[in-house]
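Summary of structural features
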Amino acid sequence: KILEKQGQQMKLEIKLLLCGKESSGKSTLFRQIMNLYDNHNDCTAYSKIIQTQLRQNFVPMMQFLSRVKADIVDEALPLFERFSKLKTQEELEYFFIIDNYEQLTSLAASASQFINTHSLQSVIPWNAIYQFQEAPRILQPTYEATFEDVLNSKISLKQTAFKVFKQQNRFLRFIMPSENNIWLKYYQDSQAIVYVVNLDLFDQKKDEINLLIEQMREFDEFINKTEFKDCEVILILNKVDRLEIKLTVTQFSTCILDYKGNNSFEDVSAFIQMKFQRLNKYRKRNIHTIFCNALSQQTVGGVYKNIVEVVLQSEMKS
Ligand SMILES: Nc1nc2c(ncn2[C@@H]2O[C@H](COP(=O)(O)OP(=O)(O)OP(=O)(O)O)[C@@H](O)[C@H]2O)c(=O)[nH]1
Ligand SMILES: [Mg+2]
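Residues numbered from 1 in each chain as written. Chains lettered and ligands numbered in written order. Predicted model: local features only at pLDDT ≥ 70, side-chain atom pairs only at ≥ 80, totals over all residues. Heavy atoms only, no water.

Right, let's get into the UniProt feature "binding site: GTP" (unreviewed entry) in the chain. Per the UniProt annotation, the sites labelled "binding site: GTP" (unreviewed entry) are Asn 238, Lys 239, Val 240, Asp 241 and Ala 294. Maximum C-alpha separation among the annotated residues is 9.4 Å over a sequence range of 57 residues, consistent with a single clustered spot. With respect to the helices and strands, Asn 238 occurs in strand β7 (residues 232-238). According to the relative accessible area criterion, Asn 238 is buried, its value standing at 2%. Once you skip the residues sitting within four places of it in the chain, Asn 238 turns out to touch Ser 24, Gly 25, Val 196, Val 197, Asn 198, Leu 199, Cys 292, Asn 293 and Ala 294. Assignment of secondary structure puts Ala 294 in the loop between β8 (287-292) and α15 (297-317). Beyond its immediate stretch of four places on either side in the chain, Ala 294 contacts Thr 28, Leu 29, Gln 32, Asn 238 and Val 300. (UniProt positions renumbered as here; feature names shortened; annotations may be inferred. Helix = DSSP H or I, 4+ residues; strand = E, 2+ residues; numbered from the N terminus. Buried < 20%, exposed > 50% of the residue type's maximum accessible area, 1.4 Å probe, protein only. Contact = heavy atoms within 4.5 Å.)

Printed below as a string of C-alpha coordinates:
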(Lines give C-alpha, C1' and ligand atoms only; values in the text may rest on other atoms or scores of the structure.)
(Ligands and ions follow the chains in the order given, each with its own letter.)
Protein backbone atom coordinates (compact mmCIF):
# COMPACT_ATOMS: atom_id res chain seq x y z
CA LYS A 1 0.00 0.00 0.00
CA ILE A 2 2.83 2.34 0.89
CA LEU A 3 4.54 1.52 -2.40
CA GLU A 4 1.33 2.19 -4.27
CA LYS A 5 0.99 5.55 -2.55
CA GLN A 6 4.60 6.39 -3.32
CA GLY A 7 4.11 5.38 -6.94
CA GLN A 8 1.10 7.64 -7.22
CA GLN A 9 3.00 10.50 -5.67
CA MET A 10 5.81 9.97 -8.18
CA LYS A 11 3.32 10.27 -11.02
CA LEU A 12 1.95 13.48 -9.56
CA GLU A 13 5.40 14.84 -9.05
CA ILE A 14 6.95 17.69 -10.97
CA LYS A 15 10.72 17.88 -10.87
CA LEU A 16 12.43 21.25 -10.85
CA LEU A 17 16.15 21.76 -11.02
CA LEU A 18 17.51 24.65 -9.01
CA CYS A 19 20.78 25.76 -10.59
CA GLY A 20 23.14 28.70 -10.82
CA LYS A 21 26.64 29.84 -9.99
CA GLU A 22 27.91 29.58 -6.41
CA SER A 23 26.66 32.43 -4.23
CA SER A 24 23.93 33.35 -6.72
CA GLY A 25 21.29 32.88 -4.00
CA LYS A 26 19.93 29.35 -4.50
CA SER A 27 20.01 28.45 -0.81
CA THR A 28 18.56 31.81 0.21
CA LEU A 29 15.68 31.43 -2.22
CA PHE A 30 15.08 27.88 -1.08
CA ARG A 31 15.16 28.83 2.61
CA GLN A 32 12.60 31.55 2.02
CA ILE A 33 10.31 29.14 0.18
CA MET A 34 10.65 26.57 2.96
CA ASN A 35 9.93 29.20 5.56
CA LEU A 36 6.85 30.40 3.68
CA TYR A 37 5.33 27.07 2.70
CA ASP A 38 6.84 24.43 4.94
CA ASN A 39 7.30 26.23 8.27
CA HIS A 40 10.83 25.05 8.21
CA ASN A 41 13.05 26.79 10.73
CA ASP A 42 16.43 25.63 11.96
CA CYS A 43 18.02 28.98 12.65
CA THR A 44 19.49 28.64 16.13
CA ALA A 45 21.64 25.76 14.88
CA TYR A 46 23.59 28.37 12.91
CA SER A 47 24.36 30.74 15.82
CA LYS A 48 27.97 29.62 16.25
CA ILE A 49 28.67 29.69 12.51
CA ILE A 50 27.40 33.25 12.19
CA GLN A 51 29.46 34.41 15.19
CA THR A 52 32.55 32.82 13.65
CA GLN A 53 31.89 34.46 10.27
CA LEU A 54 31.62 37.86 11.91
CA ARG A 55 34.85 37.39 13.87
CA GLN A 56 36.64 36.28 10.72
CA ASN A 57 35.35 39.32 8.88
CA PHE A 58 36.81 41.79 11.36
CA VAL A 59 40.37 41.67 10.04
CA PRO A 60 39.57 41.93 6.29
CA MET A 61 37.11 44.71 7.09
CA MET A 62 39.77 46.67 8.98
CA GLN A 63 42.30 46.07 6.21
CA PHE A 64 39.79 47.37 3.70
CA LEU A 65 39.01 50.43 5.81
CA SER A 66 42.69 51.19 6.23
CA ARG A 67 43.12 51.09 2.44
CA VAL A 68 40.41 53.70 2.05
CA LYS A 69 42.05 55.65 4.88
CA ALA A 70 39.27 55.51 7.42
CA ASP A 71 40.61 57.06 10.62
CA ILE A 72 38.58 54.69 12.81
CA VAL A 73 41.22 52.07 11.99
CA ASP A 74 43.99 53.97 13.81
CA GLU A 75 42.13 53.68 17.08
CA ALA A 76 41.62 49.98 16.51
CA LEU A 77 45.26 49.14 15.76
CA PRO A 78 46.33 48.13 19.30
CA LEU A 79 43.29 45.88 19.49
CA PHE A 80 44.21 44.14 16.25
CA GLU A 81 47.82 43.70 17.22
CA ARG A 82 46.62 41.68 20.19
CA PHE A 83 44.14 39.85 17.98
CA SER A 84 46.78 38.70 15.51
CA LYS A 85 48.72 36.99 18.34
CA LEU A 86 45.84 34.72 19.33
CA LYS A 87 46.10 31.06 18.43
CA THR A 88 43.51 28.73 19.90
CA GLN A 89 39.78 28.73 19.32
CA GLU A 90 39.18 29.38 23.03
CA GLU A 91 41.44 32.43 22.99
CA LEU A 92 39.57 33.79 19.99
CA GLU A 93 36.19 33.21 21.55
CA TYR A 94 37.28 34.81 24.79
CA PHE A 95 38.75 37.78 22.95
CA PHE A 96 35.62 38.44 20.97
CA ILE A 97 32.79 37.57 23.23
CA ILE A 98 33.97 38.40 26.70
CA ASP A 99 37.13 40.44 26.79
CA ASN A 100 36.53 43.17 24.24
CA TYR A 101 32.81 43.20 23.65
CA GLU A 102 32.38 46.95 24.24
CA GLN A 103 35.30 47.99 22.08
CA LEU A 104 34.48 45.63 19.23
CA THR A 105 30.83 46.53 19.03
CA SER A 106 31.58 50.24 19.02
CA LEU A 107 34.18 49.61 16.31
CA ALA A 108 31.62 47.69 14.27
CA ALA A 109 29.17 50.55 14.68
CA SER A 110 31.72 53.13 13.48
CA ALA A 111 32.66 50.90 10.54
CA SER A 112 29.00 50.51 9.50
CA GLN A 113 28.50 54.23 9.75
CA PHE A 114 31.63 54.92 7.72
CA ILE A 115 30.45 52.50 5.01
CA ASN A 116 27.07 54.20 4.81
CA THR A 117 28.29 57.79 4.79
CA HIS A 118 30.93 57.05 2.14
CA SER A 119 28.61 55.01 -0.12
CA LEU A 120 30.80 51.93 0.14
CA GLN A 121 27.90 49.45 0.19
CA SER A 122 28.63 48.44 -3.36
CA VAL A 123 32.24 47.37 -2.77
CA ILE A 124 31.79 45.20 0.32
CA PRO A 125 29.96 41.86 0.31
CA TRP A 126 26.45 42.28 1.62
CA ASN A 127 26.70 39.60 4.32
CA ALA A 128 29.73 41.34 5.88
CA ILE A 129 27.87 44.66 6.06
CA TYR A 130 24.82 43.01 7.58
CA GLN A 131 26.80 41.19 10.26
CA PHE A 132 28.71 44.33 11.18
CA GLN A 133 25.47 46.23 11.61
CA GLU A 134 24.16 43.48 13.84
CA ALA A 135 27.43 42.97 15.75
CA PRO A 136 26.17 44.07 19.21
CA ARG A 137 23.62 41.28 19.08
CA ILE A 138 25.69 38.64 17.29
CA LEU A 139 28.72 38.98 19.57
CA GLN A 140 26.71 38.33 22.74
CA PRO A 141 27.57 35.01 24.42
CA THR A 142 23.87 34.07 24.54
CA TYR A 143 23.26 34.99 20.88
CA GLU A 144 20.62 32.97 19.03
CA ALA A 145 20.47 33.39 15.26
CA THR A 146 17.21 34.62 13.74
CA PHE A 147 15.82 33.71 10.32
CA GLU A 148 16.84 37.17 9.11
CA ASP A 149 20.43 36.50 10.24
CA VAL A 150 20.58 33.17 8.40
CA LEU A 151 19.21 34.68 5.19
CA ASN A 152 21.73 37.48 5.27
CA SER A 153 24.70 35.22 5.96
CA LYS A 154 26.46 32.82 3.64
CA ILE A 155 25.30 29.44 4.88
CA SER A 156 24.89 26.45 2.61
CA LEU A 157 21.93 24.14 2.77
CA LYS A 158 23.00 20.62 3.56
CA GLN A 159 20.32 18.01 3.35
CA THR A 160 17.51 19.68 1.49
CA ALA A 161 18.37 18.86 -2.10
CA PHE A 162 15.17 16.83 -2.46
CA LYS A 163 12.51 18.91 -0.81
CA VAL A 164 8.92 18.39 -1.94
CA PHE A 165 6.10 20.94 -1.76
CA LYS A 166 2.46 20.05 -2.26
CA GLN A 167 0.67 22.34 -4.68
CA GLN A 168 -2.89 21.85 -5.94
CA ASN A 169 -2.73 18.04 -5.73
CA ARG A 170 0.66 18.03 -7.34
CA PHE A 171 4.07 17.72 -5.74
CA LEU A 172 6.89 20.04 -6.67
CA ARG A 173 10.24 18.43 -6.10
CA PHE A 174 13.16 20.85 -6.02
CA ILE A 175 16.51 19.32 -6.86
CA MET A 176 19.89 20.99 -6.67
CA PRO A 177 22.16 19.18 -9.10
CA SER A 178 25.55 18.53 -7.60
CA GLU A 179 28.67 19.67 -9.35
CA ASN A 180 30.07 16.28 -10.22
CA ASN A 181 26.86 15.37 -12.06
CA ILE A 182 26.27 12.08 -10.27
CA TRP A 183 22.57 12.92 -10.25
CA LEU A 184 22.45 13.68 -13.96
CA LYS A 185 20.59 10.44 -14.69
CA TYR A 186 18.06 11.24 -12.00
CA TYR A 187 17.31 14.74 -13.14
CA GLN A 188 17.11 14.17 -16.86
CA ASP A 189 13.32 13.91 -16.83
CA SER A 190 12.83 17.23 -15.05
CA GLN A 191 10.00 19.46 -16.19
CA ALA A 192 11.57 22.79 -15.34
CA ILE A 193 14.86 24.48 -14.67
CA VAL A 194 14.97 27.30 -12.17
CA TYR A 195 18.21 29.08 -12.99
CA VAL A 196 19.49 31.72 -10.57
CA VAL A 197 21.77 34.50 -11.84
CA ASN A 198 23.77 36.81 -9.57
CA LEU A 199 23.37 40.37 -10.91
CA ASP A 200 25.73 41.67 -8.24
CA LEU A 201 28.64 40.33 -10.32
CA PHE A 202 28.14 42.62 -13.32
CA ASP A 203 31.12 44.81 -12.33
CA GLN A 204 33.50 41.96 -11.52
CA LYS A 205 35.96 39.96 -13.57
CA LYS A 206 37.80 36.70 -13.24
CA ASP A 207 40.67 35.92 -15.62
CA GLU A 208 39.73 39.02 -17.63
CA ILE A 209 36.18 37.72 -18.19
CA ASN A 210 33.23 39.73 -16.93
CA LEU A 211 31.25 37.59 -14.50
CA LEU A 212 27.83 38.56 -15.87
CA ILE A 213 28.95 37.50 -19.34
CA GLU A 214 30.39 34.34 -17.83
CA GLN A 215 26.98 33.55 -16.28
CA MET A 216 25.34 34.04 -19.69
CA ARG A 217 27.76 31.52 -21.15
CA GLU A 218 27.08 29.00 -18.38
CA PHE A 219 23.32 29.52 -18.71
CA ASP A 220 23.55 28.99 -22.47
CA GLU A 221 25.55 25.81 -22.06
CA PHE A 222 23.24 24.38 -19.41
CA ILE A 223 19.74 25.10 -20.69
CA ASN A 224 20.51 24.18 -24.28
CA LYS A 225 21.55 20.62 -23.52
CA THR A 226 19.37 18.35 -25.67
CA GLU A 227 17.96 16.52 -22.64
CA PHE A 228 16.43 19.82 -21.51
CA LYS A 229 14.89 20.83 -24.83
CA ASP A 230 11.32 20.41 -23.56
CA CYS A 231 11.99 21.89 -20.12
CA GLU A 232 10.44 25.16 -19.07
CA VAL A 233 13.20 27.54 -18.11
CA ILE A 234 12.59 29.97 -15.27
CA LEU A 235 15.36 32.51 -15.09
CA ILE A 236 15.70 34.26 -11.74
CA LEU A 237 17.72 37.46 -12.12
CA ASN A 238 18.64 37.75 -8.45
CA LYS A 239 20.13 40.47 -6.24
CA VAL A 240 18.35 43.32 -8.03
CA ASP A 241 18.84 45.35 -4.85
CA ARG A 242 22.60 45.18 -5.40
CA LEU A 243 22.31 46.06 -9.09
CA GLU A 244 20.25 49.12 -8.18
CA ILE A 245 22.73 50.32 -5.53
CA LYS A 246 25.73 49.76 -7.79
CA LEU A 247 24.21 51.64 -10.72
CA THR A 248 24.21 54.79 -8.60
CA VAL A 249 28.03 54.72 -8.60
CA THR A 250 29.09 52.51 -11.55
CA GLN A 251 28.52 52.97 -15.29
CA PHE A 252 27.11 49.71 -16.66
CA SER A 253 28.60 50.43 -20.09
CA THR A 254 32.14 50.39 -18.67
CA CYS A 255 31.58 46.78 -17.55
CA ILE A 256 29.44 45.43 -20.41
CA LEU A 257 31.01 46.92 -23.49
CA ASP A 258 28.20 46.30 -26.00
CA TYR A 259 25.72 48.25 -23.85
CA LYS A 260 24.90 51.58 -25.43
CA GLY A 261 21.92 52.74 -23.35
CA ASN A 262 21.75 55.00 -20.31
CA ASN A 263 22.51 53.98 -16.73
CA SER A 264 18.94 53.74 -15.41
CA PHE A 265 17.90 50.59 -13.60
CA GLU A 266 14.95 50.09 -16.01
CA ASP A 267 17.06 50.20 -19.18
CA VAL A 268 19.93 48.16 -17.80
CA SER A 269 17.67 45.43 -16.42
CA ALA A 270 15.69 45.25 -19.69
CA PHE A 271 18.99 44.87 -21.56
CA ILE A 272 20.18 42.05 -19.29
CA GLN A 273 16.84 40.25 -19.64
CA MET A 274 16.99 40.53 -23.43
CA LYS A 275 20.56 39.16 -23.54
CA PHE A 276 19.57 36.06 -21.56
CA GLN A 277 16.31 35.51 -23.49
CA ARG A 278 18.18 35.46 -26.78
CA LEU A 279 20.21 32.46 -25.69
CA ASN A 280 17.22 30.11 -26.01
CA LYS A 281 17.94 27.64 -28.82
CA TYR A 282 14.66 25.70 -28.66
CA ARG A 283 11.72 27.73 -29.89
CA LYS A 284 9.14 25.27 -28.53
CA ARG A 285 9.84 26.21 -24.93
CA ASN A 286 10.04 29.60 -23.26
CA ILE A 287 12.39 31.37 -20.94
CA HIS A 288 10.37 33.02 -18.18
CA THR A 289 12.31 35.82 -16.54
CA ILE A 290 11.71 36.98 -12.97
CA PHE A 291 13.67 39.73 -11.22
CA CYS A 292 14.28 38.90 -7.59
CA ASN A 293 15.69 40.02 -4.28
CA ALA A 294 15.90 36.75 -2.40
CA LEU A 295 16.30 38.57 0.91
CA SER A 296 12.78 39.92 0.65
CA GLN A 297 10.15 37.46 1.82
CA GLN A 298 7.41 39.22 -0.09
CA THR A 299 9.35 39.11 -3.34
CA VAL A 300 10.14 35.41 -2.94
CA GLY A 301 6.45 34.72 -2.24
CA GLY A 302 5.64 36.26 -5.64
CA VAL A 303 8.50 34.40 -7.33
CA TYR A 304 7.30 31.08 -5.95
CA LYS A 305 3.73 31.68 -7.17
CA ASN A 306 5.16 32.54 -10.57
CA ILE A 307 7.18 29.31 -10.67
CA VAL A 308 4.13 27.25 -9.72
CA GLU A 309 2.04 28.93 -12.40
CA VAL A 310 4.61 28.23 -15.10
CA VAL A 311 5.03 24.55 -14.27
CA LEU A 312 1.33 23.86 -13.81
CA GLN A 313 0.51 25.56 -17.10
CA SER A 314 3.18 23.63 -18.96
CA GLU A 315 1.71 20.46 -17.44
CA MET A 316 -1.67 21.28 -18.91
CA LYS A 317 -0.16 21.83 -22.34
CA SER A 318 1.56 18.45 -22.42
N1 LIG B 1 21.74 41.67 -1.39
C2 LIG B 1 21.32 40.44 -1.69
N3 LIG B 1 22.00 39.38 -1.19
C4 LIG B 1 21.56 38.14 -1.51
C5 LIG B 1 20.42 37.92 -2.33
N6 LIG B 1 20.26 36.58 -2.47
C7 LIG B 1 21.24 36.01 -1.75
N8 LIG B 1 22.02 36.94 -1.16
C9 LIG B 1 23.23 36.72 -0.33
O10 LIG B 1 24.20 36.09 -1.17
C11 LIG B 1 24.98 35.15 -0.44
C12 LIG B 1 24.97 33.82 -1.16
O13 LIG B 1 23.67 33.29 -1.17
P14 LIG B 1 23.40 31.71 -1.14
O15 LIG B 1 21.93 31.54 -1.11
O16 LIG B 1 24.19 31.07 -0.08
O17 LIG B 1 23.97 31.28 -2.56
P18 LIG B 1 24.01 29.82 -3.22
O19 LIG B 1 23.61 29.97 -4.64
O20 LIG B 1 23.23 28.85 -2.42
O21 LIG B 1 25.54 29.50 -3.13
P22 LIG B 1 26.28 28.04 -3.10
O23 LIG B 1 25.59 27.21 -2.08
O24 LIG B 1 27.69 28.40 -2.74
O25 LIG B 1 26.19 27.50 -4.48
C26 LIG B 1 24.38 35.14 0.97
O27 LIG B 1 25.22 35.93 1.79
C28 LIG B 1 23.01 35.77 0.84
O29 LIG B 1 22.64 36.47 1.99
C30 LIG B 1 19.73 39.08 -2.86
O31 LIG B 1 18.75 39.00 -3.61
N32 LIG B 1 20.23 40.29 -2.50
MG1 LIG C 1 23.79 27.11 -1.38
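Structure shown, so let's carry the discussion forward.
A general trend in soluble globular proteins is that nonpolar side chains are found buried together. Counting residues in hydrophobic clusters, the biggest one holds 40 residues, and the most contacted among them are Phe 58 and Leu 65. Where this core is concerned, the elements lending two or more residues are α3 (47-67), α4 (72-84), α5 (89-99), α6 (101-117), α7 (126-133), α8 (135-138) and α9 (147-151). Residue contacts for Phe 58: discarding those within four places in its chain leaves Phe 80, Phe 96, Leu 104, Leu 107, Ala 108, Phe 132 and Leu 139. (Core = buried A, V, L, I, M, F, W, Y, C linked by side-chain atoms within 4.5 Å.)

As a further point, take the packing of aromatic side chains. Considering all chains together, one arrives at 12 aromatic pairs under this definition. Ring geometry for Phe 30 against Phe 174: centres 5.6 Å apart, planes inclined by 75°, an arrangement best described as edge-to-face. With Phe 30 in helix α2 (residues 26-37) and Phe 174 in strand β3 (residues 170-175), the pair connects residues that are 144 residues apart, well separated along the chain. Of the two residues, Phe 30 and Phe 174, both sit in the buried class. Judged by centre distance (4.8 Å) and plane angle (40°), the ring pair of Phe 58 and Phe 132 falls under tilted. (Phe/Tyr/Trp six-rings, centres within 6.5 Å; stacked < 30°, edge-to-face > 60°.)

Attention shifts here to the packing of α4 against α6. Between α4 and α6, the shortest axis-to-axis distance is 11 Å and the interhelical angle comes to 140°. On the basis of their axis angle, the class for α4 and α6 is oblique. For the pair α4 and α6, the sense of crossing is left-handed. Side by side, α4 and α6 meet where Ile 72, Ala 76, Leu 79, Phe 80 and Arg 82 of the first sit next to Gln 103, Leu 104, Leu 107, Ser 110, Ala 111 and Phe 114 of the second. For the contact of α4 with α6, the per-class residue count stands at eight nonpolar, two polar and one charged. (Axes fitted to C-alpha atoms, helices over the stretch in contact; angles between N-to-C directions. Parallel < 35°, antiparallel > 145°, perpendicular 65-115°, else oblique. Left-handed = near helix turned anticlockwise from the far one by under 90°. Nonpolar A, V, L, I, M, F, W, Y, C, P; charged D, E, K, R; others polar.)

Turning next to the pairing of β3. For β3, the tally of buried residues reaches six of six residues, placing the bulk of the element in the interior. As judged from the five bridges shared by strand β1 (residues 13-20) and β3, these two strands associate in the parallel manner. Across the sheet, the residue bridging to Glu 13 is Phe 171, located in β3. (Pairing = 2+ DSSP bridges.)

Among the 22 residues in the neighbourhood of ligand 1, the closest are listed as Ser 23, Ser 27, Thr 28, Leu 151 and Asp 241. In this structure, Ser 24 approaches ligand 1 through a main-chain N or O atom, which is 3.2 Å from an oxygen atom. In the model, an oxygen atom of ligand 1 is placed 2.6 Å from a nitrogen or oxygen of the Leu 151 main chain. Its free accessible area being 650 Å², ligand 1 has 91% of it covered by the protein chains. Counting residues per element, the shell around ligand 1 draws most heavily on α2, at three residues. (Near = heavy atom within 4 Å. Polar contact = N/O pair within 3.5 Å; in protein donor to acceptor, adjacent residues only side chain to side chain. Areas by Shrake-Rupley, 256 points an atom, 1.4 Å probe, with all protein chains shown as cover.)

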